[in-house]
Amino acid sequence: MIIINGKLFTEKRTIENAYLKLEEGIIKSFGEMEFLPEYDGEVIDAKGNYVMPGFIDQHIHGANGADSMDATEAALENMVNFLPSEGTTSYLPTTMTQSKEAVSEAVGVIANYIDNVNKPGQAEMLGIHLEGPFISSKHVGAQNPNFVQVPSIETFDHYNKTANKHIKLITYAPEESEAGFTNHLVANDVVPSAGHTDADYAVIMRHVEEGLSNMTHFHNAMLPHHHRIPGAVTAGFVTDKLKAELIVDGIHVHRDAIYATYKIKGAENVIAITDAMRAKGLVDGEYDLGGQTVYKKGMECRLEDGTLAGSVAEMDFVARNVKEFTGCTMEELILMTSTNAAKQLGVFGRKGSINIGKDADVIIMDQDLNLKTTICRGVVAYQN
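Reading guide: rules and limits
- Residues numbered from 1 in each chain as written.
- Predicted model: local features only at pLDDT ≥ 70, side-chain atom pairs only at ≥ 80, totals over all residues.
- Heavy atoms only, no water.
- Pairing = 2+ DSSP bridges.
- Helix = DSSP H or I, 4+ residues; strand = E, 2+ residues; numbered from the N terminus.
- Polar contact = N/O pair within 3.5 Å; in protein donor to acceptor, adjacent residues only side chain to side chain.
- Contact = heavy atoms within 4.5 Å.
- Core = buried A, V, L, I, M, F, W, Y, C linked by side-chain atoms within 4.5 Å.
- Buried < 20%, exposed > 50% of the residue type's maximum accessible area, 1.4 Å probe, protein only.

Asks: Teacher, can you tell me more about the pairing of strand 2 (residues 14-23) here?
Replies: Across a regular strand the side chains alternate sides, sitting on one face of the sheet and then on the other. In terms of strand pairing, strand 1 (residues 2-9) meets strand 2 through five bridges, oriented antiparallel. Counted as the bridge partner of leucine 8 is isoleucine 15 from strand 2. Following strand 1, the chain reverses through four residues before pairing antiparallel with strand 2. Both strand 2 and strand 3 (residues 26-32) contribute to a ladder of six bridges, which runs antiparallel. Of the residues in strand 3, the one forming a bridge with glutamate 23 is isoleucine 26.

Take a look at the structure:
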């Protein structure tokens, strides 16, 4: 496959009128159109639109009626086929706080899908994001408080073994974790992420020294920045060792707070996510999230008591919001929607940018960031 006549955003530079050659699922070559090689395979004319790396969503529970906790191959198949329609070419299926048995079953089914089913032309699962059950009962959000567990090494080892060591990122409350828990995650190549936490500035910074490197849906379900009581958000602001996930749906975090975070952290330290649940892509109504009823109305999802319960945002919508709220450059937008997540998850060698030898995860968008085409590992997965 070859893409022609595109404005190409590569890892090192932007080429105004370029071609991009894909072969056997990887990026083979690229350059100015005047140097276009002879080619007799499939041709996609980008017609001057943006050609850029596919989105990576490291925090998403569900979409199109399916959820990662459904623990069925059919649900996962639904998601990996749906997500390219929003430009997502890879992601972390994310769990919820449920019983040990339910979480174990879900991660086992996901691991099997990763090892034996997931194929080119689908969004690729890069591992598992274990958001529950290691959270604080003081900041459960839309998680089920009945199944909260202490972050222990023994319980983590059980889940990781069940998941065939595919757990890539864990959200946990550092202040409640067993001694050595953060170090143990790092030793097992798992990204430690503070979230649903009551930890203050001092606790967060102590765990940063042990390897804490991510903040789950920054600002949400954690102690805020306060001029007399510095919280987890304060810690996130002051150190570049912490990457800040942001739900950029315009609901979970005010657009001005998104802009402030971008100005303080810099584009290289922000990771845009959806935190979407199964109602994404569906009509308004009642849906299940972790055994709790969620009411979707427009772009909002809430529990009966009014608590925000994930989002229904799609990644192309998130990208447009990031651009509008921050005024960032296209290069910075790519950092926040693809590159930073790839680096955080340890897959930048093959994902997160356009460079020779990397996976052919490519999207084509117009100048208003409307999605035209999604290619997952060299196979067209969506065309508008």
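Asks: Looking at this model, I keep getting lost on the side chain of histidine 252. Mind explaining?
Replies: Counting through the fold element by element, histidine 252 comes out in the loop between strand 15 (243-247) and helix 7 (255-265). At 2.8 Å, the side chain of histidine 252 forms a polar contact with the side chain of aspartate 249. Residues contacting histidine 252, with those up to four places away along its chain left out, are Asn220, Ile247, Leu308, Gly310 and Ser311.

Asks: What is the right way to look at the nonpolar core in this model?
Replies: Generally speaking, soluble globular proteins have nonpolar side chains that are buried together. The biggest cluster of nonpolar side chains holds 88 residues, and the ones touching the most others in it are Met52, Ile167, Ile170 and Ile204. The biggest single contributor to this core is helix 2 (residues 100-116), with seven residues. In this view, isoleucine 170 contacts Leu130, Phe134, Phe156, Leu185, Val190, Val191, Pro192 and Ser193; residues no more than four positions away in its chain are not counted. Counting 17 residues, the second largest nonpolar core, distinct from the first, contains Leu8, Leu20, Ala46 and Ala360.

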